[in-house]
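Coordinate analysis (summary)
Letter by letter, the chains look like this.
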Amino acid sequence: MSVSEFFLELYFLPNMKSVKSVFWVGLVASILGDALRKVAMFQAGVNFTHLVQYQRRMNHKLVTTGVYGLVRHPTYTGWYTFAVSSQVMLMNPVCAVLFFYAAYIFFEERVKEEELLLISFFGSEYVRYKSKVPSGLPFIKGYSIGQFD
């Protein structure tokens, strides 16, 4: 879809794809998003997995320092930034909006589910952390106490 949008707009609206500043903003934001994701995975170490964990492992620790001290979900924030910024870089306005929306739908539910589990794993330690550190994802606050009661 992204490739189709790019070439259709390049053919029908060639001037739209020639704004170098938009390209550079998208490229830099994409690189920063990807770097944030990789740094977060490295900092989390064995505490990071690609799948939501439904049982706490014995060695599972709550990571709250480094990039996790800036945002609660830096791997998701990095991916979100990379995905949307890549479309900005390509000057694909339709895909930029669609990627933003699709990522929002996916992460809004995933973060709620994951945070409910993190509260069950770490209790008040996670609740305190959540109250001090933003999710890092646009319009996504995460699980609210009493939400599923």
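Everything here concerns the structure above.
Below or above, wherever it landed, is the structure these notes cover. Everything quoted here is computed from the prediction, not taken from an experiment.

Let's shift gears to the pattern of salt bridges. Inspection of the entire model under this criterion finds five salt bridges. Among the salt bridges present, the one from Lys 112 reaches Glu 108, with a minimum N-O distance of 2.7 Å. Linking Lys 112 with Glu 108, this pair stays in helix α4 (residues 93-122), spanning four residues, or about one helical turn. Neither residue differs from the other here; Lys 112 and Glu 108 are each classed as buried. A salt bridge links Lys 130 to Glu 115, with the shortest nitrogen-to-oxygen separation between them at 3.9 Å. Note that Lys 130 is positioned in helix α5 (residues 124-132) and Glu 115 in helix α4, a separation of 15 residues in sequence. Here Glu 115 falls in the buried class, since its relative accessible area comes to 0%. One connected set of salt bridges, linked through shared partners, spans Arg 72, Glu 115 and Lys 130.

What follows is about the packing of aromatic side chains. Scanning the model with the defined rule gives 11 aromatic pairs in all. On the numbers, 5.0 Å between centres and 75° between planes, the contact of Phe 106 with Phe 107 is edge-to-face. Assessed through its relative accessible area of 44%, Phe 106 is described here as partly exposed. With a centroid separation of 5.7 Å and 65° between ring planes, the pair formed by Tyr 126 and Tyr 129 is classed as edge-to-face. Of this pair, Tyr 126 and Tyr 129 both sit in helix α5, three residues apart, which is roughly one turn of that helix. With respect to burial, Tyr 126 and Tyr 129 carry one shared label: buried. Through pairs of rings, three or more aromatic residues link up here, namely Tyr 76, Trp 79, Tyr 80, Phe 100, Phe 106, Phe 107 and Phe 139.

What follows is about the side chain of Ser 2. Position of Ser 2 among the secondary structure elements: in helix α1 (residues 2-12). The contact partners of Ser 2, leaving out residues within four places of it in the chain, are Gln 87, Leu 90, Asn 92, Cys 95 and Phe 99.

A separate point is the nonpolar core. Ranked by size, the top nonpolar core spans 17 residues in total, and within it Leu 62, Tyr 68, Leu 118, Phe 121, Phe 122, Tyr 126 and Tyr 129 carry the most contacts. The dominant element in this core, judged by the number of residues it contributes, is α4, at five residues. In contact with Tyr 126, other than residues within four places in its own chain, are Leu 62, Arg 72, His 73, Glu 115, Leu 118 and Ile 119. Residues Tyr 76, Tyr 80, Val 84 and Val 111 belong to the second largest nonpolar core, which totals eight residues.

Thresholds applied
- Residues numbered from 1 in each chain as written.
- Predicted model: local features only at pLDDT ≥ 70, side-chain atom pairs only at ≥ 80, totals over all residues.
- Heavy atoms only, no water.
- Salt bridge = Lys/Arg side-chain N within 4 Å of Asp/Glu carboxyl O.
- Helix = DSSP H or I, 4+ residues; strand = E, 2+ residues; numbered from the N terminus.
- Buried < 20%, exposed > 50% of the residue type's maximum accessible area, 1.4 Å probe, protein only.
- Phe/Tyr/Trp six-rings, centres within 6.5 Å; stacked < 30°, edge-to-face > 60°.
- Contact = heavy atoms within 4.5 Å.
- Core = buried A, V, L, I, M, F, W, Y, C linked by side-chain atoms within 4.5 Å.

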